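Architecture and fold: a report
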Amino acid sequence: MSFELSDDQCAIRDMALSFARDELAPHAIAWDQTKHFPIDTLRAAGELGMGGIYVAEEHGGSALTRRDAVVIFEALSQGCPTIASYISIHNMVAGMIDAFGAPEQKAHWLPRLSRMEWLASYCLTEANAGSDAAALRTRAVRDGDGYVLNGAKQFISGAGSSDLYLVMARTGEDGPGGISAFLIPKDAPGLSFGANEHKMGWNAQPTRAVILEDVRVPVSARLGEEGMGFKFAMKGLDGGRINIAACSIGGAQAALDAALKYMGERKAFGQTIDRFQALQFRIADMATELEAARTFVHRAATALDAKSPDATRLCAMAKRFGTDTGFEVANNALQLFGGYGYLSDYGVEKIVRDLRVHQILEGTNEIMRLIVARSEIARMA
């Protein structure tokens, strides 16, 4: 594994950083305060190829690697972690269709998803099936040439605004083997949405329940074979976990950069506060921890690209380490601002609020530890 980015990856990073600087950062605080979901901005990202990052070119995608993707998401998050994270979720759905979908599904959904003309949401979590996702109760019952779905999904990013919902539902026995995946369009009769949740962060994307009441879809809406849904969901989450870690690193890098700028201007005891050795030590630790997290995420992304048998374990490690590190660095950056960091004007408190949820979603960091521990125990068995 090379620790240097290729020329192409540098160009991709610079494109994403430019988009973050020009299209995301100037509006991030206002979007957060008004709870505005910037669909036009998302479509502009799609025009640059960021709606189908690992979708094949024949279906309108960019056909990039997982390592390319973490470069993109770290860059985007320096403008707004909330919007970068939604783009990651959208790409998770598009990538799953590209990887597991039938030719007709790919042809129908992927070109518009890749342009972000259509937006997508990933629907696994339920009110009583979060960390224990295999206990989900949403059910899809075969009825003639279709299925009828009933149930509810909780904490769904983009719900109510997205055009496509990738829903995991039970078609068979209890446990992971009884779960299948379905592609449900927004206009499906019986599909509705709960109220937009009031959240600590991630306010620039809606979070609602997705409610299915006798939603009828044809067999052709099923992604892959019956019983494969949970396997698909976990495959999707491997990539989602390293993306969300990259989003944490990007947000934390923006907070650190803002703190350094502030410290070079703020004076106390006759000098700028970046001259105090105690604060210099803190900056050094923050920068070192971010670099370690970034390297770890790239290591996991490389393993995922290589289809390494270690990929799931490494993705769980990188997600836990990257999101914990990102939050701690952002929180320390806020502390360096003193009282001003607590104000919304500088945007650092927004980053802290946005990054906190990264330690919960895509599998809590406690579940990441469980994945790693089980892998280590199995290795010694």
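Keep in mind the model is a prediction, meaning the values are calculated, not measured. (Residues numbered from 1 in each chain as written. Predicted model: local features only at pLDDT ≥ 70, side-chain atom pairs only at ≥ 80, totals over all residues. Heavy atoms only, no water.)

Some words on the pattern of salt bridges
Applicable threshold: Salt bridges are counted wherever a side-chain nitrogen of Lys or Arg sits within 4 Å of a carboxyl oxygen of Asp or Glu. When accessible area is computed with a 1.4 Å probe and restricted to protein chains, residues below 20% of their type maximum are described as buried, those above 50% as exposed, and intermediate ones as partly exposed.
Tallied over the entire structure, the rule returns 19 salt bridges. Among the salt bridges present, the one from Arg21 reaches Asp22, with a minimum N-O distance of 3.2 Å. Owing to a relative accessible area of 51%, Arg21 belongs among the exposed residues under this scheme. By relative accessible area, which is 39% here, Asp22 ends up partly exposed. Note that Arg115 and Glu117 form a salt bridge whose closest N and O atoms lie 2.8 Å from each other. In this structure, a network of salt bridges that share partners links the residues Asp310, Arg313, Glu376 and Arg379.

A closer look at the side chain of Lys106
The following threshold applies: Strands are runs of DSSP state E lasting at least two residues, helices are runs of H or I lasting at least four, and both sets are numbered from the N terminus onward. We count Lys and Arg on the positive side and Asp and Glu on the negative side, and we leave His and both chain ends out. A 3.5 Å cut-off defines polar contacts: any pair of N or O atoms within that distance qualifies, except that in protein one atom must be a possible hydrogen donor and the other a possible acceptor, and neighbouring residues in sequence count only when both atoms are side-chain atoms. Any two residues whose heavy atoms approach within 4.5 Å are treated as being in contact.
Of note, Lys106 is situated in helix H6 (residues 103–114). Asp98 provides the closest opposite charge to the buried, salt-bridge-free Lys106, at an N-O distance of 5.0 Å. Within polar-contact distance, the side chain of Lys106 engages the backbone oxygen of Asp98 at 3.1 Å. The residues touching Lys106, leaving out its near neighbours within four places in the chain, are His59, Ile97, Asp98, Gly101 and Pro111.

Points about the packing of aromatic side chains
This is how the line gets drawn: Two rings from Phe, Tyr or Trp (for Trp, the six-membered ring) form a pair when their centres are within 6.5 Å of each other. A pair whose planes differ by under 30 degrees is stacked, one over 60 is edge-to-face, and the rest are tilted. Over a ring means this: the NZ of a Lys or the CZ of an Arg is within 6 Å of the ring centre and within 35 degrees of the ring normal.
Here the structure, examined in full by the defined rule, presents 12 aromatic pairs. Judged by centre distance (5.1 Å) and plane angle (90°), the ring pair of Phe37 and Tyr86 falls under edge-to-face. One end of the pair, Phe37, is in the loop between helix H2 (28–34) and helix H3 (39–47); the other, Tyr86, is in helix H5 (residues 81–100), with 49 residues separating them in the sequence. With respect to class, Phe37 is no different from Tyr86; both count as buried. Put simply, the rings of Tyr262, Phe337, Tyr340 and Tyr346 touch in pairs and so form one group of aromatic residues. In this structure, Arg66 packs its charged tip against the face of Tyr54, placed 3.7 Å from the ring centre. One cation-aromatic arrangement involves Arg356 over Phe327; the distance from NZ or CZ to the ring centre is 5.9 Å.

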